[in-house]
Amino acid sequence: MVRISVLLLVFTFFGCGSNADKSKKNEVENAVAVKLTDEQLLATVQKQTFKYFWDYAEPNSGLARERYHPDGNYPENDANIVTTGGSGFGLMAIVSGISQGYITKKEGVERLNKIADFLGKADRFHGAWSHWIDGNTGKVKPFGTKDNGGDLVETSFLVAGMITVREYLKDGSENEKAVAQKYDALWKGVDWQWYTNNKNVLYWHWSPSYAWQMNFPLEGYNECLITYVLAASSPTHTIDPKVYHEGWARSGGIVSAKTKYNIPLILKHNGAEEFGGPLFWAHYSYVGLDPNQLTDKYANYWDLNVNQTKINYEYCVQNPKKGYSADYWGLTASYSRNPDGSIGYNAHMPSNDQGVVSPTAAISSIVYTPKESMALIRNLYDNHNKETWGEAGFYDALSLPNNWVAKRYLAIDQGPEVVMIENYRTGLLWKLFMNAPEVKQGLGKLGFKSGKYGI
């Protein structure tokens, strides 16, 4: 039986008596199914997914756990490990939660203050935080042998959240202003200039043990645009525009003339030039950075993201033998199904198709493809609720043709869902971030224009 998104109103009358009584009983025993509107369904998904960052946050720090396993089974014993980037999305989710009334402003500000104090004492590397942090101690949890220092990309996702919080609280009560000032000081402490290693490009990692050995220059296009925007926006450790144009944009080499399904890709997606990369590339930088009317000499960023999403959608629709369809689509990085059916992790995209749909792919694309995204949301909620819906929203990864669901959650997947639904419904987080004076200045410095925000 199809499960409908409903308030199922079943009236049951007891008693015996006249035929009139029996007739009334028959009438009211017919269940009246009231289907949720799209707005009600989106609100339901947003509120449930918000719980990841509120009810299931790491308790000591208040930050977002890297992962939440409802069954309590953590094979890597990492229940207390928090994620820097996912926590940036979490900061925005808390602002959204206050605005939507899921929590009171007092509750939200208390949590935000706790987080700021934790981050102020946590390990930092020339101002940048590590990818993972031990939620109990604030010490770096290495993401890999040489990845035991600053992670500038994860830090940039965190900083986007910090700026959003600052903007939300800066004109509030004295207590709210004090919390805003803590976030202002934290983000201004990031030494973006250091992470150029004296070259015209930003580097992802620096380690106190291995220095620059990771050697990962941030060249476009992938999920890292926000890192350059924030580096240019910094009033304390800013970068020269050449770092963006020669490093990220590769002196114009970032531009692509390729199309797929007659849809232009616009920019070269690193390692995925035919179909575009995993869909989180259209999400992570844009939770605060509003792509509406945003352009520079390389791209129209709204068209860029809409096109990537539509190519991803078209790939799924045109591969029904994989089980995909117009209401079951969306490939991005998430938990994954290993060949033996166990749970792994993979960066799913059309050129790396493992037969796994990640709900965050379509849900977080709601701003770009509302009709197609709602089809996925409604299909999962109405028809596969029992298998796919849990304590913090839709589970992370699905292979429904194989009767397989990873009943786990990741912060970097749940976060964009909450934030992009909020941006779709109200535009709140975009407005806060884009109206920050430093962000406007940084975008202008790099040659961006936005009619929407007067840049």
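In case you missed it, the structure is sitting above this.
As the structure is a computational prediction, the values presented were derived from the model and not from experiment.

Colleague: Tell me about the pairing of strand S13 (residues 343–347), and please be specific about residues and values.
Modeller: In this sheet, S13 lies alongside strand S12 (residues 333–337) in antiparallel orientation, the contact comprising five bridges. The residue bridging Arg337 from the neighbouring strand is Ile343, located in S13.

Colleague: Please provide a residue-by-residue account of the sheet that holds strand S5 (residues 132–134), values included.
Modeller: Strand order in the open sheet formed by three strands is S4-S5-S6, and the pairing between neighbours is antiparallel. Among the strands making up the open sheet, the edge pair consists of strand S4 (81–83) and strand S6 (140–141). Relative to S5, S4 is paired through three bridges, and the arrangement is antiparallel. Looking across to S5, one finds that Thr83 is bridged to Trp132.

Colleague: Explain the packing of helix H4 (residues 105–121) against helix H5 (residues 152–169) to me, using residue names and the numbers behind them.
Modeller: For the pair H4 and H5, the least separation of the axes is 12 Å and the interaxial angle reads 135°. Regarding the angle of H4 to H5, the classification is oblique. Relative to H5, the crossing made by H4 is left-handed. In contact with Lys105, Val109, Leu112 and Leu119 of H4, H5 contributes Leu158, Met162, Val165, Tyr168 and Leu169. Classifying every residue of the contact of H4 with H5 by side-chain character gives eight nonpolar, no polar and one charged.

Colleague: Give a detailed account of the packing of aromatic side chains, specifying residues and quantitative values.
Modeller: The full count for this structure, using the stated rule, is 31 aromatic pairs. Taken together, a centroid distance of 6.4 Å and an interplanar angle of 90° make the contact between Phe280 and Trp281 edge-to-face. Across this residue pair, the class does not change: Phe280 and Trp281 are buried. Ring geometry for Tyr324 against Tyr328: centres 6.4 Å apart, planes inclined by 35°, an arrangement best described as tilted.

Colleague: Now, about unusual backbone geometry: what can you tell me, with residues and values included?
Modeller: Across the chain, the bulk of peptide bonds are trans and the bulk of non-glycine residues have phi less than zero. Cis geometry is adopted by the peptide bond preceding Tyr221, which originates at Gly220 and carries an omega value of 15°. Within the secondary structure, Tyr221 sits in the loop between strand S8 (205–206) and helix H7 (225–233). Despite not being glycine, Asn77 has its phi angle at roughly 55°, a positive value. Here Asn77 is to be found in the loop between strand S3 (67–68) and S4. The exposure class of Asn77 is exposed, given its relative accessible area of 69%.

Colleague: Just give me the short version of the environment of Ala282, but keep the residues and values in it.
Modeller: Within the fold, Ala282 resides in the loop between strand S10 (263–264) and strand S11 (294–295). For Ala282, a relative accessible area of 0% translates into the label buried. Ignoring any residue separated from it by four or fewer positions in sequence, one finds Ala282 in contact with Asn305, Gln308, Thr309, Tyr368 and Met420.

Colleague: Please give an account of helix H11 (residues 370–383) that cites residues and values.
Modeller: In this model H11 runs 19 Å from its N-terminal to its C-terminal C-alpha over 14 residues, within 8% of the 20 Å that 1.5 Å per residue would give. Within H11, burial applies to Ser373, Met374, Leu376, Ile377, Arg378, Asn379, Leu380, Tyr381 and Asp382.

Definitions and limits used
- Just so you know, the residues in each chain are numbered from 1, in the order the chain's sequence is written.
- Confidence filtering applies because this is a predicted model: local features only for residues at pLDDT of at least 70, side-chain atom pairs given and counted only at 80 or more, and all residues used for totals across whole chains, interfaces and linings.
- Side-chain figures throughout are based on the complete set of non-hydrogen atoms in the structure, without hydrogens or water.
- Pairing between two strands requires that DSSP report at least two bridges joining them.
- Each helix corresponds to a stretch of at least 4 residues labelled H or I by DSSP, and each strand to a stretch of at least 2 residues labelled E; elements are numbered beginning at the N terminus.
- Convention adopted: a line fitted to C-alpha atoms gives each axis, helices being fitted over their contacting stretch, and angles between N-to-C directions are expressed from 0 to 180 degrees.
- Here the angle decides the label: under 35 degrees means roughly parallel, over 145 means roughly antiparallel, 65 to 115 means roughly perpendicular, and every other value means oblique.
- Each crossing gets its hand from how the near helix is turned against the far one by less than a right angle, where anticlockwise is left-handed and clockwise is right-handed.
- Here a residue-residue contact requires only that any non-hydrogen atoms of the pair lie within 4.5 Å.
- In this count, Pro and Cys sit with the nonpolar residues alongside Ala, Val, Leu, Ile, Met, Phe, Trp and Tyr, while Asp, Glu, Lys and Arg are called charged and the others, Gly among them, polar.
- Side-chain rings of Phe, Tyr and Trp, where Trp is taken by its six-membered ring, are said to pair if the distance between their centres is within 6.5 Å; with planes under 30 degrees apart they count as stacked, over 60 as edge-to-face, and otherwise as tilted.
- Burial classification: accessible surface area is computed with a 1.4 Å probe over protein chains only, and a residue below 20% of its type maximum counts as buried, one above 50% as exposed, and the rest as partly exposed.
- Each helix should span, by expectation, one fewer than its residue count multiplied by 1.5 Å.

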